[in-house]
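# Working through the structure, step by step
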Amino acid sequence: MKAVLTALCALGLVAASTAWAQRADRYVDPPIVRSFNWFSYVGGNDIREACGRDGRNRLRLIYNAIYDEQVRTYEVFLQPDGTAGLDIGVLADQGSVTNLRIGDAGDVLGPWRMRRGQRLLTPAETRELLALMQASNAFGPPRDGLRLPDVDFWWTVASCRGGVWGFQAYHHPTDGFANVKFAAKLFSFDTVPVPVNPPRKLVPAELRRDWNAPPNHWKSNQWTLTVGKDGLRPR
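Notes on the structure follow. (Residues numbered from 1 in each chain as written. Predicted model: local features only at pLDDT ≥ 70, side-chain atom pairs only at ≥ 80, totals over all residues. Heavy atoms only, no water.)

Compared with an ideal rise of 1.5 Å per residue, which puts 13 residues at 18 Å, helix H3 (residues 123-135) spans 18 Å between its outermost C-alpha atoms and is within 8% of the ideal. Among the residues of H3, Glu-125, Thr-126, Leu-129 and Met-133 are the ones counted as buried. Across the axial projection of H3, the buried residues extend over an arc of 100°, all falling on one side. Those residues of H3 that are buried lie in contact with strand E1 (57-65), strand E2 (70-78), strand E3 (84-92), strand E6 (115-121), strand E8 (153-161) and helix H5 (183-189). (Helix = DSSP H or I, 4+ residues; strand = E, 2+ residues; numbered from the N terminus. Expected span 1.5 Å × (residues − 1). Buried < 20%, exposed > 50% of the residue type's maximum accessible area, 1.4 Å probe, protein only. Arc of directions from axis to C-beta. Contact = heavy atoms within 4.5 Å.)

The residue Gln-79 is located in the loop between E2 and E3 in this model. Gln-79 sits in the buried class, given a relative accessible area of 11%. Of the polar contacts made by the side chain of Gln-79, one reaches the backbone oxygen of Phe-77; its length is 3.2 Å. (Polar contact = N/O pair within 3.5 Å; in protein donor to acceptor, adjacent residues only side chain to side chain.)

A cis amide bond, omega 5°, links Gly-140 with the succeeding residue Pro-141. You will see that Asn-137, though not glycine, has its phi angle at about 55°, which is positive. You can see Asn-137 is positioned in the loop between H3 and strand E7 (147-149). Its relative accessible area of 38% is what places Asn-137 among the partly exposed residues. Unlike most non-glycine residues, Phe-177 shows phi in positive territory, near 60°. You can see Phe-177 is positioned in the loop between helix H4 (172-175) and H5.

Judged by how many residues are buried, E1 sits mostly within the fold: eight of nine residues are covered. Inspection of the sheet shows E1 paired to E2 by eight bridges, in the antiparallel sense. What sits directly across from Asn-64, in E2, is Val-71. Counting the residues between successive antiparallel strands, the hairpin from E1 to E2 contains four residues, one of them, Ile-66, with a positive phi of roughly 65°. Here eight bridges tie E1 to E8, and the two strands are oriented antiparallel to one another. Within E8, the residue paired with Ile-62 across the bridge is Thr-156. (Pairing = 2+ DSSP bridges.)

Note that all results are geometric; they support no functional claim without further evidence.
This is how it looks when you write it as structure tokens:
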């Protein structure tokens with residue numbers, strides 16, 4: 001199978017609620033040792049389960065730029081003083097893998113590694129990013145029934161702010177990312193030296209074929225996520 005069925009990412013999550021008390025002039029959320037199911041990670045299941053119970057405000061934005069070509073993940077940890085810790089992960093040109101798991105924050109057990117970056121956003125930068133996200137309706141509700149194939153360009157946003165869960169998704173072939181107003185600003189904060197894979201016009205996912213694959217895998221679309229009323233639908 002061409003794309004991943006269990007996957008990546010232990011990006012900037014914290015094991016103890018005392019991380020809130022750490023100084024804002026240092027990166028406040030060290031990664032923990034954990035393996036994530038990729039679909040649960042995209043859906044922000046861990047954020048949703050903890051929302052309103054751990055007192056933390058955080059965002060997870062994922063840019064799927066055709067899964068086999070590039071994925072960019074952004075964890076934003078909002079701090080009481082108005083700053084935000086930004087943890088960035090980039091997977092690029094990963095090709096065909098069937099299984100990827102994270103063993104710890106620094107080691108990816110697979111044929112390639114996630115490239116990582118970090119940055120502390122100033123209060124002004126944080127306010128600007130949040131304003132752009134608000135203008136994009138990034139905190140939900142999403143369009144029920146929207147489909148996100150692995151071979152397309154799309155964004156998801158999982159959030160917990162003030163104890164309130166939110167989810168949003170944007171699919172490029174649907175509206176050309178007309179409502180995504182935060183992307184350029186977020187990319188400008190990205191410290192990973194891998195060029196962004198920009199969206200491009202594509203044949204509908206269900207019609208695309210990979211003629212270099214075995215006959216039983218000619219269909220290029222290997223998995224699709226479906227958006228529900230307030231998050232991803234269970235697979």
